[in-house]
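Below are the chains, spelled out letter by letter.
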2 protein chains.
Amino acid sequence: MRVLGIDPGTTVTGWGVVERHGAGFHHVAHGCIRTSPESPMPERLGKIFDGVRAVIRDHQPEVATIEEIFVSANVQSALKLGHARGTAIVAANAEGLPVFEYTALQVKQAVVGFGRAEKQQVQAMVRMLLAMESAPPQDAADALAGALCHLQHSSGVTAHLATGGGRRR
Amino acid sequence: MRVLGIDPGTTVTGWGVVERHGAGFHHVAHGCIRTSPESPMPERLGKIFDGVRAVIRDHQPEVATIEEIFVSANVQSALKLGHARGTAIVAANAEGLPVFEYTALQVKQAVVGFGRAEKQQVQAMVRMLLAMESAPPQDAADALAGALCHLQHSSGVTAHLATGGGRRR
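Residues numbered from 1 in each chain as written. Chains lettered and ligands numbered in written order. Predicted model: local features only at pLDDT ≥ 70, side-chain atom pairs only at ≥ 80, totals over all residues. Heavy atoms only, no water.

**As for the relation of the copies chain A and chain B**
Expressed as a screw transformation, the operator carrying chain A onto chain B has a rotation angle of 180 degrees and an axial translation of 0.0 Å, and the superposed copies differ by an RMSD of 0.0 Å. Read as a symmetry element, the transformation amounts to a two-fold axis. Closest approach to the rotation axis within chain A is made by the C-alpha atom of A:G82, at a distance of 2.0 Å. When you check the interface residues of chain A against chain B, 96% turn up at the interface there too, and the contact is symmetric in its surfaces. (Least-squares fit on C-alpha atoms with pLDDT ≥ 70 in both. Contact = heavy atoms within 4.5 Å.)

**So, the pattern of salt bridges**
Following the criterion strictly, the structure yields 10 salt bridges over all chains and no others. Across the pair B:E95 and B:R53 runs a salt bridge whose closest N-O atoms are separated by 2.7 Å. Placement of B:E95 in the loop between α2 (75–94) and β5 (99–103) and of B:R53 in helix α1 (residues 41–59) is noted, with a sequence separation of 42 residues between them. Across the pair B:D142 and B:K119 runs a salt bridge, and its minimum N-O distance is 2.5 Å. Linking B:D142 in helix α5 (residues 138–155) with B:K119 in helix α4 (residues 119–129), this pair joins segments that are 23 residues apart in sequence. What makes B:D142 buried here is its relative accessible area of 12%. On the accessibility criterion, B:K119 (44% relative accessible area) is partly exposed. Through salt bridges that share partners, A:R53, A:R57 and A:E95 make up one connected network. (Salt bridge = Lys/Arg side-chain N within 4 Å of Asp/Glu carboxyl O. Helix = DSSP H or I, 4+ residues; strand = E, 2+ residues; numbered from the N terminus. Buried < 20%, exposed > 50% of the residue type's maximum accessible area, 1.4 Å probe, protein only.)

**Details of α1(B)**
With 19 residues, α1(B) should reach 27 Å at 1.5 Å per residue; the first-to-last C-alpha distance of 27 Å fits that figure. With its phi angle positive at about 50 degrees, B:Q60 sits one or two positions after the end of α1(B). (Expected span 1.5 Å × (residues − 1).)

**Quick look at the pairing of strand β4 (residues 63–68) of chain B**
Side-chain direction in a regular strand flips from residue to residue, so the side chains alternate between the two faces of the sheet. Residues and elements named next belong to chain B. Strand direction decides the pairing type here: strand β1 (residues 2–7) and β4, joined by 4 bridges, are parallel. Bridging from a neighbouring strand, V3 pairs with V63 of β4. Taken together, the 5 bridges between β4 and β5 define a ladder with parallel strand orientation. By the bridge assignment, A64 is partnered in β5 with V99. Since β4 and β5 lie parallel, the crossover through α2 that links them has a hand, and here it is right-handed. (Pairing = 2+ DSSP bridges. Right-handed = clockwise from strand over helix to strand, strands pointing away.)

**Overview of the side chain of B:R44**
All names here are of chain B. By the element assignment, R44 lies in helix α1. Salt bridges are absent for the buried R44, whose nearest opposite-charge side chain, E38, sits at 8.2 Å. Non-local contacts of R44, meaning those with residues more than four positions away in its chain, are made with T10, T11, T35, S36, P37 and S39. (Lys, Arg positive; Asp, Glu negative; His and termini not counted.)

**A short note on the sheet that holds strand β4 (residues 63–68) of chain A**
Picture the strands of a sheet paired through backbone hydrogen bonds; they go either parallel or antiparallel. All names here are of chain A. One open sheet holds the 5 strands; their spatial order is β3-β2-β1-β4-β5, and the pairing between them is mixed. Two strands bound the open sheet, and with one partner strand each, they are β3 (24–34) and β5 (99–103). Direction aside, the axes of adjacent strands within the sheet are offset by 25 degrees on average. Contacting β1 (2–7), β4 and β5, helix α2 (residues 75–94) runs over the sheet at an angle of about 165 degrees to β4. The strands that helix α3 (residues 104–111) touches are β4 and β5; relative to β5, the one it contacts most, it runs at about 85 degrees. (Axes fitted to C-alpha atoms, helices over the stretch in contact; angles between N-to-C directions.)

**Details of the confidence of the model for chain A**
Residue and element names in this part refer to chain A. Overall, the predicted model of chain A reaches an average pLDDT of 89, with 91% of residues at or above 70. Mean pLDDT across the secondary structure elements of chain A bottoms out at helix α6 (residues 159–163), with 35, and peaks at β1, with 98. The low-confidence segment residues 156–169, where pLDDT is below 50, has 29 contacts with residues more than four positions distant or belonging to other chains. Scored as a whole, the predicted complex attains pTM 0.87, and scored at its interfaces, ipTM 0.84. (pLDDT = per-residue confidence, 0-100.)

**A short note on the sheet that holds β5(B)**
All names here are of chain B. Taken in spatial order, the 5 strands line up as β3-β2-β1-β4-β5 in an open sheet, and their pairing is mixed. Each edge of the sheet is formed by a strand with only one pairing partner; in this case those strands are β3 (24–34) and β5. Averaged over all neighbouring strand pairs, the angle between strand axes comes to 25 degrees, with direction disregarded. Lying over the sheet, helix α3 (residues 104–111) contacts β4 and β5, oriented at roughly 85 degrees with respect to β5.

Encoded structure:
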């Protein structure tokens with residue numbers, strides 16, 4: 001199974017594509033869709049929409065994952081994030097992909113085995129699990145972590161099994 | 001010029017299509033796209049996305065307008081509203097429509113001549129300006145008001161000119 005993870009934001013939308021190979025995971029691709037804070041919102045959302053669709057066409061994932069969000073620094077940032085997240089969801093839908101939502105807690109537990117892990121730990125574990133030569137950028141790492149979380153949920157085994165930790169959910 | 005106004009929300013997205021006829025305005029159509037609060041967010045956004053696109057195909061507006069939002073009751077509602085608003089914007093873009101943003105102040109000033117007008121006043125004035133037999137539902141009225149605001153901005157004349165008030169911007 002090939003999974004697209006999306007970490008949406010109006011300025012940077014990280015994405016990562018991962019697939020399962022036997023008991024392990026395989027990194028397919030990752031990147032960031034960037035928009036200019038000077039551009040009007042409709043233009044920025046258009047860039048995210050087109051960008052996510054292009055990633056799906058290029059890498060042919062079967063499902064998409066996106067982090068479920070409950071909190072934000074303030075109403076302003078929540079509104080902005082909502083725009084980006086909604087856009088990413090409809091872009092995946094427009095390409096025929098079902099979208100699965102996981103909380104940050106679920107993603108961190110799946111990848112690091114600890115729900116309150118720091119961002120850097122997530123980044124380091126993503127690199128390790130996917131045997132990447134260097135750590136992916138933060139936004140792409142979060143997207144890859146979301147994709148890994150889905151692979152683990154859909155197989156019923158956490159990443160830690162693959163690397164020796166072992167915890168069944 | 002034919003204008004689509006959109007008043008987005010995850011539960012109810014109001015829409016209205018208006019066009020200019022000489023010095024007056026003509027009501028083309030209005031309605032509401034409703035989604036179930038029980039459905040998962042991706043499904044609800046998909047319904048809004050498809051609904052807005054269907055309205056555009058059915059009524060062939062040349063531009064879309066959507067209210068610019070800065071405030072919300074709380075972070076939760078801001079996140080939700082952001083999703084719906086982002087979805088509506090990319091749906092209009094996907095049909096090739098430019099999207100214009102107006103603040104609630106601009107819309108109210110255009111339609112009622114008073115930026116702090118109550119919702120009911122907007123509803124009543126929309127009905128009057130468009131010579132509708134009955135007042136449109138609140139969400140559709142706000143959408144129609146947004147469309148009227150754009151027609152007035154693009155012509156440089158407020159609704160009050162058409163109805164006797166008269167204020168040039």
